[in-house]
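Tertiary structure, described
Chain by chain, the residues:
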Amino acid sequence: MLHGLSRLLPEIEEQGLDEAAVYRREALYERPRFEQGRGRLTPARGALLCPVCGRSATRFLPFGLGGRPNARCPDCGSLERHRFLWTFLAERTPLLRRRLSILHTAPEPCLEPALRARHGRRYVTLDRFNPKADVRADLTDLPFPDGRFDLVLSSHVLEHVPDDRAALSEIARVLKPSGIAVLLFPFDPKGITREDPAVDTPAKRLAAYGHPYHYRIYGTDTPQRMFEAGLEATLVASADVLSAHRRRRRRINRNHLFLARPRSTAAEHGDGPGERSRGH
Ligand SMILES: [Zn+2]
């Protein structure tokens, strides 16, 4: 996506394209179709494995600015972060063990069919722009009652939201007390969150954050930010979930996600993240 949007920057600026128009041009909502004969699938032993679609491949397709090798599954189109997210969901959450009420924001075409098939009408997709989403709404103003969902999935969405604190509060509100949110976004484990109100045009954002519609790069203060919005969050690195061997086979990089739960009423009397460790 980044490759495409960098190329589009002159048009974005000259024609004043908004974010929705840009995403329509890039056909981001479609499941990718690959050229015949590329990335031929074989069940060879020791080959690459895509946990999302369950297929083995002798190689994955290149993707991104520099043509990152072995990045994209030739069958379902998953990238490294999707394969990490799916592995985490499958192995560390009840996603595959019982039916859950799920809110999936800006649903990825490689994940949506499997989730919908498994969870049926309990599975709800939400997007600001995509006409095929079940619900068209903004993450900062969700049209759902309190405590509606067991699981909120939001991958590479929050960095697009100017008022992400409002979005995090809404996620906390619509989660059941026992619910979890799995949140992914550009994350720098070595510094604090970078955002600046002066970075206010697509060109400036591309230069500062690597994308014309990203408003920040999250950093190590993210759990505090989530805590203030009503979520208690834990950072999970891909190395916490998968051995080096499994990461290599699935072509998963150093990815990160946050596992967040609504703060209990008791935790509201605490001073910061980690107050709720007792009894949980
Ligand atoms: Zn796949």
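A quick note: this is a predicted structure, and the numbers were derived from the prediction, not measured. (Residues numbered from 1 in each chain as written. Predicted model: local features only at pLDDT ≥ 70, side-chain atom pairs only at ≥ 80, totals over all residues. Heavy atoms only, no water.)

**As for the sheet that holds strand S11 (residues 256–262)**
Using the following cut-off: Here, any two strands with at least 2 DSSP bridges between them count as paired. Only DSSP runs of H or I with at least four residues qualify as helices, and only runs of E with at least two residues qualify as strands; both kinds are numbered from the N terminus onward. Contacts between residues were defined by any pair of non-hydrogen atoms, one from each residue, lying within 4.5 Å. All axes here are fitted lines through C-alpha atoms, helices being fitted over the stretch that makes contact, and every angle between N-to-C directions spans 0 to 180 degrees.
In space, the 7 strands of this open sheet follow the order S7-S6-S5-S8-S9-S11-S10, with mixed pairing throughout. The two strands at the open ends of the sheet, each matched to only one other strand, are strand S7 (135–136) and strand S10 (231–237). Packed on one face of the sheet, helix H4 (residues 112–119) meets strand S5 (102–105), strand S6 (123–127) and strand S8 (149–155) and runs near 145° to S6. Packing of helix H5 (residues 164–174) onto the sheet brings it into contact with S5, S8, strand S9 (175–184), S10 and S11, and relative to S9 it is tilted by some 140°.

**Quick notes on the layout of surface pockets**
Rule in force here: A cavity here means a set of points on a 1 Å grid, drawn over the protein atoms and nothing else, where a 1.4 Å probe fits but cannot get out; a pocket is an open set with protein on both sides within 12 Å along at least five of seven lines, and a residue lines either one if it has an atom within 4 Å of a point. Grid points are joined across faces, edges and corners, and a volume is the space filled by probe spheres set on the points.
What the second largest pocket holds in volume is close to 230 Å³. In this structure, the second largest pocket is lined by 15 residues; those nearest its centre are Thr93, Pro94, Ser178, Ile180 and Arg261. It is S9 that contributes the most residues to the lining of the second largest pocket, 3 residues altogether.

**Points about the pairing of S5**
Short version of the rule: Using a 1.4 Å probe on the protein chains alone, a residue whose accessible area is under 20% of its type maximum counts as buried, one over 50% counts as exposed, and one in between counts as partly exposed. For crossovers, right-handed means that the path from the first strand over the helix to the second runs clockwise, given strands pointing away from the viewer.
With burial as the criterion, each face of S5 is covered, one bearing Ile102 and His104 and the other bearing Leu103 and Thr105. Sheet topology places S5 next to S6; 4 bridges connect them, and they run parallel. Bridging from a neighbouring strand, Thr105 pairs with Leu126 of S6. Of the crossover connections in this fold, the one passing from S5 over H4 to the parallel S6 is right-handed. As defined by bridge partners, S5 adjoins S8 across 4 bridges and the pair is classed as parallel. The residue bridging Leu103 from the neighbouring strand is Val152, located in S8.

**Brief notes about the pattern of salt bridges**
Counted only if it meets this: Whenever a carboxyl oxygen of Asp or Glu lies within 4 Å of a side-chain nitrogen of Lys or Arg, that contact is scored as a salt bridge.
Applying the stated criterion across every chain yields a total of 15 salt bridges. Among the ionic pairs, Glu91 bridges to Arg246, the shortest N-O distance being 2.5 Å. Of this pair, Glu91 sits in helix H3 (residues 80–92) while Arg246 is found in helix H9 (residues 244–250), placing the two residues 155 residues apart along the sequence. Linking Glu195 and Arg216 is a salt bridge whose minimum nitrogen-to-oxygen distance equals 2.8 Å. On the criterion of sequence distance, the pair formed by Glu195 in the loop between S9 and helix H6 (202–209) and Arg216 in the loop between H6 and helix H7 (222–228) is long-range, its members being 21 residues apart. For Glu195, a relative accessible area of 37% corresponds to the partly exposed category. Taking relative accessible area as the criterion, Arg216 reaches 1% and is therefore assigned buried. Residues joined by salt bridges that share partners form a network here, namely Asp164, Glu195, Arg216 and Arg225.

**A word on the coordination of the zinc ion**
For clarity, the cut-off: Any N, O or S atom lying within 2.8 Å of the metal counts as a donor, with the limit raised to 3.2 Å for Na, K and Ca; because water is left out of the atom set, some sites can appear incomplete. Under this scheme a four-donor centre is tetrahedral when all angles range from 85 to 135 degrees, a four-donor centre is square planar and a six-donor centre octahedral when opposite donors are above 155 degrees with the rest from 65 to 115, and any other centre is irregular.
Listed as protein donors to the zinc ion are Cys50 (SG), Cys53 (SG), Cys73 (SG) and Cys76 (SG); their distances from the metal cover 2.3 Å. Between the 4 donor atoms coordinating the zinc ion, the angles at the centre fall across 105 to 116°, so the site counts as tetrahedral. Sequence spacing among the residues donating to the zinc ion works out to C-x2-C-x19-C-x2-C. Separated by 23 residues along the polypeptide, Cys50 in the loop between strand S1 (48–49) and strand S2 (56–57) and Cys73 in the loop between strand S4 (68–72) and H3 bring together distant segments of the chain. Grouping residues by exposure puts Cys50 and Cys73 together as buried.

**Here we look at a positive patch on the surface**
Defined as follows: Surface patches are drawn from residues lacking salt bridges whose relative accessible area is over 30%; two like charges belong together within 9 Å, two nonpolar side chains (Val, Leu, Ile, Met, Phe, Trp, Tyr) within 5 Å. Calculation of accessible area relied on Shrake-Rupley with a 1.4 Å probe; when residues are assessed, cover is drawn exclusively from the protein chains displayed. Note on charges: Lys and Arg go in the positive column, Asp and Glu in the negative column, and His and the chain ends are not counted at all. To locate a charge, take atom NZ for lysine, CZ for arginine, CG for aspartate or CD for glutamate.
Taken together, Arg97, Arg98, Arg99 and Arg122 make up a surface patch of like positive charges. Inspection of the secondary structure puts Arg98 in the loop between H3 and S5.

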